[in-house]
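Observations on chain architecture
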Amino acid sequence: MSKHIKNMLCFLFGLILSNSYAIDIYVSPNGSDSNSGNVNNPLATFFAAQQKARVYAGKEAVTIYFADGVYYLPKTIVFNSRDSGSEKYPIVYRAQNEGGVVLSGGLKLELQWKPYRDGIFKAKTPKGILIDQVF
């Protein structure tokens, strides 16, 4: 076997090994946090993906892919040392399609709108929420 072929085989073997230690986690607005997080069974929330990634932090490279859509964040995202991974095994968060993902600190309201008067509608909001802006 020629030296060139041996080098090529070593290179390909190295690629296979380096890719075998990467974890991909998928998140979709239509997913469920009880899912595995693979491409066919995505998680639903940023928080669930973050928790799953922390299991592999510093041990394997992790990429979290967000499908297009709006992700409502019921609480502030907090990153700490468990979310960094390492130089060799980083944790990366990314949209599957650039510009297609929105992380929203807002709250999606499921309201029952009723006519009020003069073309104005009204709805009751759930108790206990503080509203300072409506979009």
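As a starting point, this report considers the structure included with it. Nothing here was measured: the structure is a model prediction, and the numbers come from that model.

1. Here we look at the side chain of Gln50
Within the secondary structure, Gln50 sits in helix H2 (residues 46–56). Take Gln50: its relative accessible area is 4%, and that puts it in the buried class. In contact with Gln50, not counting residues within four places along its chain, are Ile77, Val78, Phe79, Asp83 and Tyr93.

2. Digging into the sheet that holds strand E4 (residues 91–95)
Reading across the sheet, the 3 strands line up as E1-E2-E4 and stay open at both edges, with parallel pairing between neighbours. Each of the sheet's edge strands pairs with one partner strand only, and the pair in question is strand E1 (22–27) and E4. Neighbouring strand axes in the sheet, compared pairwise and without regard to direction, differ in orientation by 20 degrees on average. Alignment of strand E2 (residues 61–66) against E4, held across 5 bridges, turns out to be parallel. Following the sheet pairing, Val62 is matched in E4 by Ile91.

3. With respect to the packing of aromatic side chains
Per the stated rule, a full pass over the model turns up 7 aromatic pairs. Where Phe66 meets Tyr93, the ring centres are 6.5 Å apart and the plane angle is 20 degrees; that geometry is what we call stacked. In this pair, Phe66 sits in strand E2 while Tyr93 sits in strand E4, placing the two residues 27 residues apart along the sequence. Taken together, the ring pairs in this structure connect Phe46, Phe66, Tyr71, Phe79 and Tyr93 into an aromatic cluster.

Procedures and definitions
- Residues numbered from 1 in each chain as written.
- Predicted model: local features only at pLDDT ≥ 70, side-chain atom pairs only at ≥ 80, totals over all residues.
- Heavy atoms only, no water.
- Helix = DSSP H or I, 4+ residues; strand = E, 2+ residues; numbered from the N terminus.
- Buried < 20%, exposed > 50% of the residue type's maximum accessible area, 1.4 Å probe, protein only.
- Contact = heavy atoms within 4.5 Å.
- Pairing = 2+ DSSP bridges.
- Axes fitted to C-alpha atoms, helices over the stretch in contact; angles between N-to-C directions.
- Phe/Tyr/Trp six-rings, centres within 6.5 Å; stacked < 30°, edge-to-face > 60°.

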